[in-house]
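Okay, here's what each chain looks like letter by letter:
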Amino acid sequence: QVQLVESGGGLVQAGGSLRLSCAASGRTFSNYHMGWFRQDPGKDREFVAAISWIGSTTYYADSVKDRFTISRDNAKNTVYLQMNSLKPEDTAVYYCAANFRSLSKVVAAWDYWGQGTQVTVSS
């Protein structure tokens, strides 16, 4: 089993930055892909970013390209999401996910999920 714990969420003004972290345990971290998703009340969970198990390939939602950066440190079993130029529409609960098969933007394709961390962007 894989356990994922997110941290780093909080309240920030529009234009500000936050860095989310996701600590993984239970299995070899470097053997699975990692991703970030987000969800607001009344909305579906949506893809934000993903990174391959060796960190050589990344994907981003169009809404966050050039503002967010996903990275991983396999030695620390941790994946990060650096969020810059935050907008009010970025407000959501952000979830970390692990995928053992392939990179995907589809929620159902991901095997393990964290409990989420709240990000609130004020204007």
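Located above this text is the structure these notes cover.
Every value quoted in this text rests on a predicted model; they were computed, and no experiment measured them.

> Just to check I follow, could you spell out the sheet that holds strand β7 (residues 68-73) for this structure?
Strand pairing in a sheet takes place through backbone hydrogen bonds and is either antiparallel or parallel in direction. Spatial ordering of the open sheet is given by β1-β3-β8-β7, a layout of 4 strands whose pairing is antiparallel. Where the open sheet ends on each side, the last strands, each with one partner, are β1 (3-7) and β7. Recorded for the sheet is a direction-independent mean angle of 15 degrees between the axes of neighbouring strands. Here 5 bridges tie β1 to strand β3 (residues 18-25), and the two strands are oriented antiparallel to one another. Within β3, the position partnered with Q3 by the bridge is S25.

> Explain the pairing of β3 to me, please; I cannot follow it from the model alone.
Where a strand is regular, its side chains alternate between the two sheet faces. Bridge count between β3 and strand β8 (residues 78-83): 6 bridges; the pairing is antiparallel. The residue bridging C22 from the neighbouring strand is V79, located in β8.

> Looking at this model, I keep getting lost on the nonpolar core. Mind explaining?
Generally speaking, nonpolar side chains in soluble globular proteins are found buried as a group. L4, M34, W36, L81, M83 and Y94 are the most contacted members of the largest nonpolar core, which has 35 residues in total. Among the elements of the structure, β3, β4 (33-39), β5 (46-51), β7, β8, β9 (92-99) and β11 (117-122) are those that each provide at least two residues to this core. Residues in contact with L81, not counting those within four places in the same chain, are L18, R19, L20, W36, V48, A49, F68, T69, I70 and Y94.

> Mind showing me how you'd approach the packing of aromatic side chains here?
Here the distance between the centres and the angle between the planes together describe a pair of aromatic rings. Taken as a whole and assessed by the stated rule, the structure comprises 5 aromatic pairs. Ring centres of F37 and W110 lie 5.6 Å apart, and the angle between their planes is 75 degrees; this geometry places the pair in the edge-to-face category. One end of the pair, F37, is in strand β4; the other, W110, is in the loop between β9 and β10 (112-113), and 73 residues separate them in sequence. Take F37: its relative accessible area is 0%, and that puts it in the buried class. Ring geometry for F100 against Y112: centres 5.6 Å apart, planes inclined by 80 degrees, an arrangement best described as edge-to-face. Remark: Y112 occurs in strand β10 and F100 occurs in the loop between β9 and β10; sequence separation between them is 12 residues. Classification of F100 as partly exposed rests on a relative accessible area of 26%. By the ring-pair criterion, three or more aromatic residues cluster together here, those being F37, F47, W110 and W113. Directly above the ring of Y95 sits R45, whose terminal nitrogen or CZ lies 3.7 Å from the centroid.

Procedures and definitions
Residues numbered from 1 in each chain as written. Predicted model: local features only at pLDDT ≥ 70, side-chain atom pairs only at ≥ 80, totals over all residues. Heavy atoms only, no water. Pairing = 2+ DSSP bridges. Helix = DSSP H or I, 4+ residues; strand = E, 2+ residues; numbered from the N terminus. Axes fitted to C-alpha atoms, helices over the stretch in contact; angles between N-to-C directions. Core = buried A, V, L, I, M, F, W, Y, C linked by side-chain atoms within 4.5 Å. Buried < 20%, exposed > 50% of the residue type's maximum accessible area, 1.4 Å probe, protein only. Contact = heavy atoms within 4.5 Å. Phe/Tyr/Trp six-rings, centres within 6.5 Å; stacked < 30°, edge-to-face > 60°. Lys NZ or Arg CZ within 6 Å of the ring centre and 35° of its normal.

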